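These are the residues of each chain, in order.
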Amino acid sequence: MGICTWLVLGGIAGWLASIIKGTNASMGMFANIATGIVGAMIGGWLFSIIGGHGVTGFNLYSLGVATVGAVILITIVQAIRK
C-alpha cells in the first residue's frame, strides 16, 4: 500500500474508533490518522496471532482490522490516563 492509502485508511479507521469509544470530540484529523495507522499495526499483529490476516490492502477487511486495533489503542490510552 502507498503512503496515501495508509493515510486514508488510517484516517477512516481512527475516526470510526473515536466514534465507537466516544472520543471523537477531542480528536482532530491528525490524531485520527495516527490512531488508525498505529491501530492497523496492532490489529494486524493481533489478527495474525489468532490465525487471520493483517491489513491486506484498501478494502473493508483491512478497515475492520485497523478499526479493531485503533479501538484497542484508544482503550489502552484511556486506561493509562486515568
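Residues numbered from 1 in each chain as written. Predicted model: local features only at pLDDT ≥ 70, side-chain atom pairs only at ≥ 80, totals over all residues. Heavy atoms only, no water.

Engineer: I'm lost on the overall build of the protein chain in this one. Help?
Structural biologist: Along its length, the protein chain carries 3 helices and 0 strands. For the protein chain, the succession of helices and strands along the chain, N to C, is α-α-α. Taken along its principal axes, the extent of the C-alpha atoms in the protein chain is 30 × 30 × 15 Å. A separation threshold of at least 6 residues defines the contact pool for the protein chain, and within that pool the share at least 24 residues apart is 62%. Carbon and sulfur atoms make up 74% of the accessible area of the protein chain, which amounts to about 4800 Å² in all. (Helix = DSSP H or I, 4+ residues; strand = E, 2+ residues; numbered from the N terminus. Contact = heavy atoms within 4.5 Å. Areas by Shrake-Rupley, 256 points an atom, 1.4 Å probe, with all protein chains shown as cover.)

Engineer: Looking at this model, I keep getting lost on the UniProt feature "transmembrane region" (unreviewed entry) in the protein chain. Mind explaining?
Structural biologist: As annotated by UniProt and renumbered to match this structure, "transmembrane region" (unreviewed entry) occupies residues 6–23, 30–52 and 58–80. Between the C-alpha atoms that bound residues 30–52 the distance is 29 Å, and the span itself is 87% helix and 0% strand. The span residues 58–80 is 91% helical and 0% strand by assignment, and the distance between its end C-alpha atoms comes to 31 Å. (UniProt positions renumbered as here; feature names shortened; annotations may be inferred.)

Engineer: Where do I start with a nonpolar patch on the surface in this structure?
Structural biologist: A cluster of nonpolar residues, V8, I12, W15, I19 and F58, forms a patch on the protein surface that exposes about 470 Å² of accessible area. Counting through the fold element by element, I19 comes out in helix α1 (residues 3–21). (Patch = residues over 30% accessible without salt bridge, like charges linked within 9 Å, V, L, I, M, F, W, Y side chains within 5 Å. Salt bridge = Lys/Arg side-chain N within 4 Å of Asp/Glu carboxyl O.)

Engineer: When you look at helix α3 (residues 60–81) in this model, what are you seeing that I'm missing?
Structural biologist: It helps to recall that an α-helix has 3.6 residues per turn; residues three or four apart then point in one direction. Spanning 22 residues, α3 covers 31 Å between terminal C-alpha atoms, matching the ideal 32 Å at 1.5 Å per step. Along α3, the residues that are buried comprise S62, L63, V65, A66, T67, G69, A70, V71, L73 and I74. The inward-facing, buried residues of α3 contact α1 and α2 (29–49). Regarding α3, its N-cap is N59, as a side-chain oxygen of that residue lies 3.3 Å from the backbone nitrogen of Y61 further along. (Expected span 1.5 Å × (residues − 1). Buried < 20%, exposed > 50% of the residue type's maximum accessible area, 1.4 Å probe, protein only. Polar contact = N/O pair within 3.5 Å; in protein donor to acceptor, adjacent residues only side chain to side chain.)

Engineer: How do you make sense of the packing of α1 against α3 when you look at a structure like this?
Structural biologist: A pair of packed helices can be characterised by two numbers: the angle between their axes and the separation between those axes. Where α1 meets α3, the axes come as close as 8 Å, and the angle between the chain directions of the two elements is 50°. Considering the angle they form, α1 stands oblique to α3. Crossing of α1 against α3: the hand is right-handed. When α1 is examined against α3, the residues L9, I12, A13, L16, A17, S18, I20 and K21 are found in contact with a partner set consisting of S62, L63, A66, T67, A70, V71, I74, T75 and Q78. Grouping the constituent residues of the contact of α1 with α3 by class yields 11 nonpolar, 5 polar and 1 charged. (Axes fitted to C-alpha atoms, helices over the stretch in contact; angles between N-to-C directions. Parallel < 35°, antiparallel > 145°, perpendicular 65-115°, else oblique. Left-handed = near helix turned anticlockwise from the far one by under 90°. Nonpolar A, V, L, I, M, F, W, Y, C, P; charged D, E, K, R; others polar.)

Engineer: Help me understand the side chain of T67 in this model?
Structural biologist: With respect to the helices and strands, the residue T67 is situated in helix α3. Those residues within four positions of T67 in sequence are excluded, and the remaining contacts are A13, L16, A17 and I20.

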